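What follows is each chain in one-letter form.
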Amino acid sequence: MQAELVLDARNGTGESPVWHAAEQALYWVDIPARALNRWHASEGHTRWHANEMIACIAPRADAPGAWIAGMESGLFSLQPQPDGTLATTSLAHVAHAVPAMRFNDGRCDRQGRFWAGTMLLDMAAGARIGRLYSYGKGRDGAAVQPGEFIVPNGLAFSPDGRTMYLSDSHPTVQAIWAFDYDTDTGTPSNRRLFVDMTPLPGRPDGAAVDVDGCYWICGNDAGLVHRFTPDGRLDRSLEVPVKKPAMCAFGGPALDTLFVTSIRPGGIDLSDQPLAGGVFALRPGVAGMPEPAFGG
């Protein structure tokens, strides 16, 4: 299956793609550039900048055009402005374990609660100090969930919302877990290993779920996007023309296009992957789930 180049974005770290159905547009972030991006088939590419790195986003149901975002110091509401900036309002400050941390992967559950994990900026240090947070409308702050992680990633929810998925991308972990998820209280339990990615190509990165309940996750370093069935069986692997796909999301009018963002590493020869940092589209033959907006 041939991957189509959507945009030669040259993102340092392209992450958190979200299809905005009302606009028929794809949004995503470039973490080191502190940028929110938008692509529309006929309107092209637009970019807005913030004062902190933006790692993960979800649309806000209660504020048209606004987004909830996990950034460096906490969770914020972002409102794109005509001058290319982002009006930023703090929603919840987070007391990190040490300095030089930021949020990483995140998204809303099916009920509209926002979930996001944190990590040390120096991933190579392998510090198991990342935390997982949840935030619902009306809360005074973000709730800390049990568990310590190095690079929390791959957050996703099954179609019925009763299974939560989470991975850790660090080379010493490379695991994907599944949890039972109480949709009434927003509480995960019964953590169990879903997939050990160690013997498979690529480290587990960002993920999405399709209408069949299968879990799609980017195989970072391998140039692949893997599909796992609900019982953890590898069903197929699709190629993209870059080594570091970062996260995938279903979009398009029928939600049957799998968009993939990627990373453009600095300081190395990219002659074998000149499109690194680009955004790509795959046609996997299956549709995805609408991305829930933040609202509860």
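Keep in mind that this is a model prediction, so the values were computed, not measured.

A. Quick look at the overall build of the protein chain. A count of helices and strands for the protein chain gives zero helices and 24 strands. For a compact globule of 296 residues, the expected C-alpha radius of gyration is about 19 Å, and the protein chain comes in at 17 Å, within 12% of that figure. Seen through its principal axes, the protein chain has C-alpha atoms that stretch 45 × 45 × 40 Å. Every one of the 296 residues in the protein chain was classed for burial, and the buried ones make up 58%.

B. Main features of the nonpolar core. One finds L36, I54, I57, L78 and F114 to be the most contacted residues of the largest nonpolar core, which totals 32 residues. Elements with a minimum of two residues in this core: β3 (25-30), β6 (56-59), β7 (67-70), β8 (74-80), β9 (86-93), β10 (101-108), β11 (114-120) and β12 (130-135). Listed in part, the 17 residues of the second largest apolar core include A208, A276, F280 and V286.

C. Spotlight on the packing of aromatic side chains. Under the defined criterion, the tally for this structure stands at 14 aromatic pairs. Following the ring pairs from residue to residue traces out a cluster consisting of Y165, F194, Y215 and F228. The cationic tip of R191 hangs over the ring face of W177; the distance from NZ or CZ to the ring centre is 4.0 Å.

D. The arrangement of the layout of surface pockets in detail. Taken as a whole, the largest pocket spans an internal volume of roughly 310 Å³. Considering the residues around the largest pocket, the lining is formed by 17 residues, among which T13, R102, M123, N220 and I263 are closest to the centre. Elements with a minimum of two residues in the lining of the largest pocket: β10 and β18 (203-209). In this structure, the second largest pocket spans a volume of roughly 160 Å³. Along its surface, the second largest pocket is lined by E4, V6, W19, Q24, W39, A41, G252, P253, T257, F259, A281 and R283. Elements with a contribution of two residues or more to the lining of the second largest pocket: β1 (4-7) and β23 (257-262). A class-by-class count of the residues in the lining of the second largest pocket yields seven nonpolar, three polar and two charged.

E. Region of the structure containing the sheet that holds β9. The strand order β6-β7-β8-β9 describes an open sheet built from four strands, whose pairing is antiparallel. Each edge of the open sheet carries a strand with a single partner, namely β6 and β9. Sheet twist, expressed as the average angle between the axes of neighbouring strands with direction ignored, equals 25°. When β7 meets β8, the two strands line up antiparallel, connected through four bridges. When the sheet's bridge partners are listed, A69 is paired in β8 with F76.

F. Representation of the pattern of salt bridges within the structure. This model, assessed by the stated rule, comprises 18 salt bridges. A salt bridge links R38 to E23; the shortest N-O distance between them is 2.9 Å. Of the two residues, R38 is situated in strand β4 (residues 35-40) and E23 in the loop between β2 (14-20) and β3; the sequence distance between them amounts to 15 residues. One salt bridge connects R38 with E43, and the closest N-O pair in it is separated by 2.9 Å. Three or more residues are tied together by salt bridges with common partners; here these are D210, D212, R227, R233, D235 and R236.

G. Region of interest: empty space enclosed by the protein. Enumeration over the complete set of coordinates arrives at two cavities of 30 Å³ or more. Estimates place the volume of the largest cavity at around 140 Å³. Lining the largest cavity are 14 residues; nearest its centre among them are R107, R110, V209, M289 and E291. Elements that contribute at least two residues to the lining of the largest cavity include exactly β10, β14 (152-157), β18 and β22 (245-251). Considering only residue class, the lining of the largest cavity consists of ten nonpolar, no polar and four charged. Taken as a whole, the second largest cavity encloses approximately 30 Å³ of empty space. Counting only elements with at least two residues in the lining of the second largest cavity, the list comes to β2 and β10. If one sorts the elements of the lining of the second largest cavity by residue count, β2 sits on top with three residues.

Rules of the game
- Residues numbered from 1 in each chain as written.
- Predicted model: local features only at pLDDT ≥ 70, side-chain atom pairs only at ≥ 80, totals over all residues.
- Heavy atoms only, no water.
- Helix = DSSP H or I, 4+ residues; strand = E, 2+ residues; numbered from the N terminus.
- Rg over C-alpha atoms; globule rule 2.2 N^0.38 Å.
- Buried < 20%, exposed > 50% of the residue type's maximum accessible area, 1.4 Å probe, protein only.
- Core = buried A, V, L, I, M, F, W, Y, C linked by side-chain atoms within 4.5 Å.
- Phe/Tyr/Trp six-rings, centres within 6.5 Å; stacked < 30°, edge-to-face > 60°.
- Lys NZ or Arg CZ within 6 Å of the ring centre and 35° of its normal.
- 1 Å grid on protein atoms, 1.4 Å probe; cavity = no way out; pocket = protein on both sides within 12 Å on 5 of 7 lines; lining within 4 Å.
- Points joined across faces, edges and corners; volume = space filled by probe spheres on them.
- Nonpolar A, V, L, I, M, F, W, Y, C, P; charged D, E, K, R; others polar.
- Pairing = 2+ DSSP bridges.
- Axes fitted to C-alpha atoms, helices over the stretch in contact; angles between N-to-C directions.
- Salt bridge = Lys/Arg side-chain N within 4 Å of Asp/Glu carboxyl O.

Function cannot be read off these values alone, since they describe shape.
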